[in-house]
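So the chains spell out like this:
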Amino acid sequence: MSKRLTSVMLCALAMLSTAQAQSTAAALQVVLGTATPGGGFPAYGEALAAAIHEADPTLTITLRTTKGSTENLVLLKEGKLDLALVQGEYAYDALAEQAADGPKPTIVAPVDTTPGLFVVPASSPIRSVSDLRGRSVALGTRASGLTVMGRTVLKGSGIDPDRDIAPILLDRAGDGPPLVLEGKAAALWGGSVGWPGFKTMADAPGGARFFGPASEAVAAILSLRPSLRRLTVPAGAFKGQDAAIETVGSWSFVMGKPGLDAAIVARLLRALDRGRATLARLYAQGGESDPRNLPSATRVEWLHPATVDYLREVGSIP
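Procedures and definitions
Residues numbered from 1 in each chain as written. Predicted model: local features only at pLDDT ≥ 70, side-chain atom pairs only at ≥ 80, totals over all residues. Heavy atoms only, no water. Pairing = 2+ DSSP bridges. Helix = DSSP H or I, 4+ residues; strand = E, 2+ residues; numbered from the N terminus. Axes fitted to C-alpha atoms, helices over the stretch in contact; angles between N-to-C directions. Contact = heavy atoms within 4.5 Å. Phe/Tyr/Trp six-rings, centres within 6.5 Å; stacked < 30°, edge-to-face > 60°. Buried < 20%, exposed > 50% of the residue type's maximum accessible area, 1.4 Å probe, protein only. Right-handed = clockwise from strand over helix to strand, strands pointing away. Core = buried A, V, L, I, M, F, W, Y, C linked by side-chain atoms within 4.5 Å. Salt bridge = Lys/Arg side-chain N within 4 Å of Asp/Glu carboxyl O. Parallel < 35°, antiparallel > 145°, perpendicular 65-115°, else oblique. Nonpolar A, V, L, I, M, F, W, Y, C, P; charged D, E, K, R; others polar.

A. Quick peek at the sheet that holds strand S9 (residues 208-211). Reading across from one edge, S7-S6-S8-S5-S9 is the order of the five strands in this open sheet, with mixed pairing throughout. Each end of this open sheet is capped by a strand with a single partner; those strands are strand S7 (166-170) and S9. Across this sheet, the average inter-strand angle for adjacent strands is 30°, counted without regard to direction. In this sheet, strand S8 (residues 187-191) lies alongside strand S5 (residues 116-121) in antiparallel orientation, the contact comprising four bridges. Following the sheet pairing, valine 119 is matched in S8 by leucine 188. Strand contacts of helix H7 (residues 196-203): S5, S8 and S9, with the helix running at about 30° to S5, the strand carrying the most contacts.

Here you go:
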């Protein structure tokens with residue numbers, strides 16, 4: 001056999017090997033649970049899937065609409081989702097309560113800090129949490145961690161969310177803004193600068209006004225839930241918002257099912273790291289989805305082992 005023919009054959013085998021490897025990688029798909037239409041999780045999920053696919057075209061994230069954090073945790077534990085978005089309040093409670101031994105969901109990556117805010121039409125006389133007393137307030141969906149956060153903010157502000165306001169629980173997160181704009185609710189609670197409901201309110205005729213709890217109530221609010229922390233929404237985050245807003249919020253996470261393959265997690269994190277600029281462009285707080293934020297956002301023992309390995313590799317933990 002001539003050297004030329006041998007060289008051609010070796011080249012062909014190399015190309016075949018590469019093609020086979022790409023074909024195998026292309027078959028890698030993971031299912032990510034989000035939440036109800038119109039909320040922040042579906043918007044983030046779409047941005048995440050696009051950013052990951054751009055960074056690693058052979059890795060596909062398939063999105064599944066769910067009822068939100070509560071159902072996502074159940075589906076993870078049952079192995080019906082590979083990954084799911086879980087809001088901080090539910091994530092903290094679930095991880096703190098689960099047994100130390102045995103398979104359990106783990107945190108794979110950060111989402112964002114999810115600052116919580118109330119929003120009203122700019123023409124509304126409501127300017128503070130205390131002004132919500134006796135009013136109807138759309139607090140979010142029944143299975144959302146944002147709803148838990150909103151109720152906590154009200155309690156810490158001295159307002160009973162079941163008696164001092166008329167709470168409205170939604171079937172879909174996207175149902176909230178129309179209720180306020182049509183006068184059926186006085187205010188809407190939500191979280192995250194990238195939350196679609198906030199954009200809908202800010203872009204509505206006449207604009208909107210955003211506010212958090214009073215500064216003197218923050219300490220009481222934080223004492224009610226260890227997952228909460230002080231956060232600041234910078235000026236200009238929303239149309240017509242001229243000043244920074246002090247509030248509270250918590251980290252949300254991408255969580256993985258019990259026993260999720262470490263190779264999948266490692267590959268996902270590498271793609272996320274490469275795709276962070278795209279994610280930040282597609283989603284307002286997407287820049288916070290940096291794996292390096294995890295050590296300050298949650299407990300290391302709650303992380304997926306492959307996430308811990310990756311953080312050690314990039315020097316974020318010893």
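So, next bit.
B. Inspection of the environment of alanine 47 at higher detail. Its location among the elements puts alanine 47 in helix H2 (residues 40-55). Each C-alpha atom of the pair alanine 47 and alanine 284 lies 10.0 Å from the other, and the pair is 237 residues apart in sequence. Beyond its immediate chain neighbours, meaning those up to four positions away, alanine 47 contacts Leu279, Leu282 and Tyr283.

C. The sheet that holds strand S12 (residues 253-256), seen in detail. Strand order in the open sheet made by the five strands is S2-S1-S3-S12-S4, with mixed pairing throughout. Two strands lie at the open edges of the sheet, namely strand S2 (59-64) and strand S4 (106-110), each paired on one side alone. The mean angle between the axes of side-by-side strands here comes to 30°, regardless of whether they run parallel or antiparallel. Alignment of strand S1 (residues 28-33) against strand S3 (residues 83-86), held across two bridges, turns out to be parallel. Bridge assignment links glycine 33 to a residue of S3, and that residue is alanine 84.

D. Representation of the packing of aromatic side chains within the structure. Tallied over the full model, the rule gives eight aromatic pairs. Aromatic pair phenylalanine 118 and phenylalanine 211: ring centres 5.7 Å apart, planes at 25°, arrangement stacked. One end of the pair, phenylalanine 118, is in strand S5; the other, phenylalanine 211, is in strand S9, with 93 residues separating them in the sequence. Here phenylalanine 118 and phenylalanine 211 have matching classes, each one buried. Aromatic pair phenylalanine 210 and phenylalanine 238: ring centres 4.1 Å apart, planes at 10°, arrangement stacked. Of the two residues, phenylalanine 210 is situated in strand S9 and phenylalanine 238 in the loop between strand S10 (229-233) and strand S11 (245-249); the sequence distance between them amounts to 28 residues. Its relative accessible area of 9% is what places phenylalanine 210 among the buried residues.

E. Main features of helix H4 (residues 88-97). Considered for burial, the residues of H4 that qualify are Gly88, Glu89, Tyr90, Ala91, Ala94 and Leu95. The elements touched by buried residues of H4 are helix H3 (69-77), S3, S4, helix H5 (145-156) and S12.

F. Region of the structure containing the pairing of S7. As paired elements, strand S6 (residues 136-141) and S7 share five bridges and run parallel to each other. Within S7, the position partnered with serine 136 by the bridge is alanine 166. Where the polypeptide runs from S6 across H5 and back to S7, its parallel neighbour, the crossover connection is right-handed.

G. Geometry of the nonpolar core. Phe118, Leu132, Leu154, Phe210 and Phe238 are the most contacted members of the largest nonpolar core, which has 39 residues in total. Not counting residues up to four positions away in its chain, the partners in contact with leucine 154 are Phe118, Val129, Leu132, Leu139, Ile159, Pro161 and Ile165. With 29 residues, the next largest nonpolar core counts Ile61, Val111, Val265 and Tyr310 among its residues.

H. Geometry of the pattern of salt bridges. According to the stated counting rule, one finds 15 salt bridges in the structure shown. The residue aspartate 82 makes a salt bridge to lysine 257 at a minimum N-O spacing of 3.1 Å. Pair noted here: aspartate 82 is in the loop between H3 and S3 and lysine 257 is in the loop between S12 and helix H9 (262-274), with a separation of 175 residues, a long-range link.

I. Broad picture of the packing of H2 against H9. Packing of H2 against H9 leaves a shortest axis separation of 8 Å and a crossing angle of 95°. By the angle class used here, H2 and H9 are roughly perpendicular. Taking contact as the criterion, the partners of Leu48, Ile52 and Ala55 in H2 are, on H9, Leu268, Ala271, Leu272 and Arg274. Residue composition of the contact of H2 with H9, grouped by class: six nonpolar, no polar and one charged.

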